[in-house]
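# Breakdown of the fold
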Amino acid sequence: MLNNIKKINSNVYFILVFIFAQLAWMALLGLWIYWYVSNSIIFERVGDQLSPQIKIDGPSIFLFVGGIVLIVAIAFGMSVIFRNLNVQLRLTRLYDNFIANVTHELKSPLASIQLYLETIDSRELSPENKKRFIDYMIKDAERLNNLINSILEISRLEQKKISNEYRIYNSSEVIKSLVEQSAAQFQLPQNSLSIMGDSEAEIVIDKNALKIVLDNLIDNAIKYSPNVLHIGIKLFAERKRFIIEFSDKGIGIDQEQLKKIFKKFYRVYASNIPNVKGTGLGLYWVNEILKSHGGKITCYSEGINKGTTFKIELPIHKHYKKMFTRKLLKLTKKRELIESSESQNE
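Residues numbered from 1 in each chain as written. Predicted model: local features only at pLDDT ≥ 70, side-chain atom pairs only at ≥ 80, totals over all residues. Heavy atoms only, no water.

We now examine the sheet that holds strand 2 (residues 193-197). The mixed open sheet is built from five strands, whose spatial order is 2-4-5-7-6. If you trace the sheet from one side to the other, it starts and ends with strand 2 and strand 6 (296-300), each paired once. Across the sheet, the mean angle separating the axes of adjacent strands is 15° when strand polarity is ignored. Of the strand pairs in this sheet, strand 2 and strand 4 (residues 231-238) are connected by five bridges, and their pairing is parallel. Counted as the bridge partner of Met196 is Lys234 from strand 4. (Pairing = 2+ DSSP bridges. Helix = DSSP H or I, 4+ residues; strand = E, 2+ residues; numbered from the N terminus. Axes fitted to C-alpha atoms, helices over the stretch in contact; angles between N-to-C directions.)

Listed below in structure tokens is the structure:
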């Protein structure tokens, strides 16, 4: 509650500063116009009455226009500065939220591991309980490792240093295979996921990267489906693109937040949303991976408690953006040649 009050006060402060700045430049513009008009009127009234020996130049239209252009340029510059400042402040707030979320995500498994270790050290446990505690610690360690790796991978992705392995695959076969792997990884109930549709189109993808996309979408569906989990995946080709429609019957997303969910660090907050764990990087990572494939992702929801649908579009190799998919394949081949050369030199 206190954070919300501070946020509102901060927003009001910057809005007032912006309004004051705009009023100031508008007043300056008004004074400038008043000066020009008043001088023009005075010159017209008394100019003919002056002695010929006195030479006075009338107000120049070029000076008038130049002054207006200068004032408008200053106002535009102020608007740009205010906008950039506002964006920077928003990013700072999101970054602060991210740090808080990551800190919580790191502390939770660490505290769990520490508790298990202290229990093992201080008590005589049966072999069964000791093995159970070790299994818990391994899961918590994997959770920490996944979190750290996701942050590092996003950093590499943004710096274009990620080493993708792009290959040509049959679209339906590879997606169904990756979905099955994700379902097994998350131990989804048998009737909680269904795949419909088929396509023989060929797509150029990095299987590991696309599995990250599906993992994040499935993870989100699990987190935001507090009642019955049901994930529906529809596959089909449309206008030189291969489409994956990923739908769940969870709590849905408010229309105002749909355009923001792919931004870095952004997390949806609402009273009907359960307190789920996360860093606000999952959907941002999904979006960046698909952009690197020449694809895109969009999201729509009919409203709160009406589920969410993500639409993934990937270019078909032989039809759409063929030059782009060839470029991806060449990047993979080039990387493999460099790695092969380095291994031979060793």
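Let us look at the packing of aromatic side chains. Per the counting criterion, the structure on display carries three aromatic pairs. Judged by centre distance (5.5 Å) and plane angle (25°), the ring pair of Tyr116 and Tyr136 falls under stacked. On the criterion of sequence distance, the pair formed by Tyr116 in helix 2 (residues 61-122) and Tyr136 in helix 3 (residues 127-158) is long-range, its members being 20 residues apart. You can call Tyr116 buried: its relative accessible area is 17%. With relative accessibility at 32%, the residue Tyr136 sits in the partly exposed group. A centroid spacing of 6.3 Å and a plane angle of 75° characterise the contact between Phe262 and Phe310, whose relative ring orientation is edge-to-face. Of the two residues, Phe262 sits in the loop between strand 5 (241-248) and helix 6 (282-292) while Phe310 sits in strand 7 (residues 308-315), which places them 48 residues apart along the sequence. (Phe/Tyr/Trp six-rings, centres within 6.5 Å; stacked < 30°, edge-to-face > 60°. Buried < 20%, exposed > 50% of the residue type's maximum accessible area, 1.4 Å probe, protein only.)

Most of strand 7 sits out of view: eight of its eight residues are buried. Here strand 7 shows a buried face lined by Thr308, Phe310, Ile312 and Leu314 and a second buried face lined by Thr309, Lys311, Glu313 and Pro315. Pairing analysis gives eight bridges linking strand 5 to strand 7, with the strands arranged antiparallel. Bridge pairing links Phe242 to Leu314 in strand 7. Relative to strand 7, strand 6 is paired through five bridges, and the arrangement is antiparallel. Residue pairing for strand 7: Ile297 is matched across the bridge by Ile312.

Two side chains bearing opposite charge may form a pair once their charged atoms approach each other closely. Counted by the stated rule, this structure contains six salt bridges. A salt bridge links Glu238 to Lys311; its shortest N-O distance comes to 3.7 Å. A residue pair is termed long-range when its members are at least 10 positions apart, and Glu238 in strand 4 and Lys311 in strand 7 qualify at 73 residues. The partly exposed category is assigned to Glu238, whose relative accessible area is 35%. In this structure, the salt-bridge partner of Glu313 is Arg241, at a minimum N-O distance of 3.7 Å. Linking Glu313 in strand 7 with Arg241 in strand 5, this pair joins segments that are 72 residues apart in sequence. Judged by its relative accessible area of 11%, Glu313 is buried. Note on Arg241: relative accessible area 11%, which makes it buried. (Salt bridge = Lys/Arg side-chain N within 4 Å of Asp/Glu carboxyl O.)

Glancing now at the nonpolar core. Counting residues in hydrophobic clusters, the biggest one holds 40 residues, and the most contacted among them are Ile231 and Phe310. Counting only elements with at least two residues in this core, the list comes to helix 4 (171-185), strand 3 (202-206), helix 5 (207-223), strand 4, strand 5, helix 6, strand 6 and strand 7. Leave out the neighbours within four places in its chain, and Ile231 touches Leu188, Ser192, Leu193, Ser194, Ile218, Ala221, Phe246 and Ser247. (Core = buried A, V, L, I, M, F, W, Y, C linked by side-chain atoms within 4.5 Å. Contact = heavy atoms within 4.5 Å.)

Looking at the secondary structure, you find Glu245 in strand 5. No salt bridge is formed by the buried Glu245, whose closest oppositely charged neighbour, Lys234, lies at an N-O distance of 5.0 Å. Apart from the residues lying within four places of it in its own chain, the contact partners of Glu245 are Gly232, Ile233, Lys234, Phe236, Tyr300, Phe310 and Lys311. (Lys, Arg positive; Asp, Glu negative; His and termini not counted.)

The next subject is the environment of Ile304. Note on placement: Ile304 falls in the loop between strand 6 and strand 7. On the basis of relative accessibility, which here comes to 37%, the residue Ile304 falls in the partly exposed class. When the C-alpha atoms of Ile304 and Gly252 are compared, they prove to be 4.8 Å apart, with 52 residues separating the residues in sequence.

This part takes up unusual backbone geometry. Residue Gln187 is not a glycine yet carries a positive backbone phi of 55°. Position of Gln187 relative to the elements: it lies in the loop between helix 4 and strand 2. On the basis of relative accessible area, Gln187 is assigned to the exposed category, the value being 69%.

On to helix 6, then. Counting buried residues along helix 6, eight of its 11 residues qualify, which places the element largely inside the surrounding structure. Backbone geometry just after helix 6 places Gly294 at a positive phi near 80°.

Let us now look at the packing of helix 4 against helix 5. Describing two packed helices takes the angle between their axes plus the distance from one axis to the other. Between helix 4 and helix 5, the shortest axis-to-axis distance is 9 Å and the interhelical angle comes to 50°. Here helix 5 runs oblique to helix 4, going by the angle between their axes. The element helix 4 and its partner helix 5 pack so that their crossing is right-handed. For the pair formed by helix 4 and helix 5, the contact residues are Val174, Ile175, Leu178, Val179, Gln181, Ser182 and Gln185 on the first element and Lys207, Leu210, Lys211, Leu214, Asp215 and Ile218 on the second. Across the contact of helix 4 with helix 5, the residue classes tally to seven nonpolar, three polar and three charged. (Parallel < 35°, antiparallel > 145°, perpendicular 65-115°, else oblique. Left-handed = near helix turned anticlockwise from the far one by under 90°. Nonpolar A, V, L, I, M, F, W, Y, C, P; charged D, E, K, R; others polar.)

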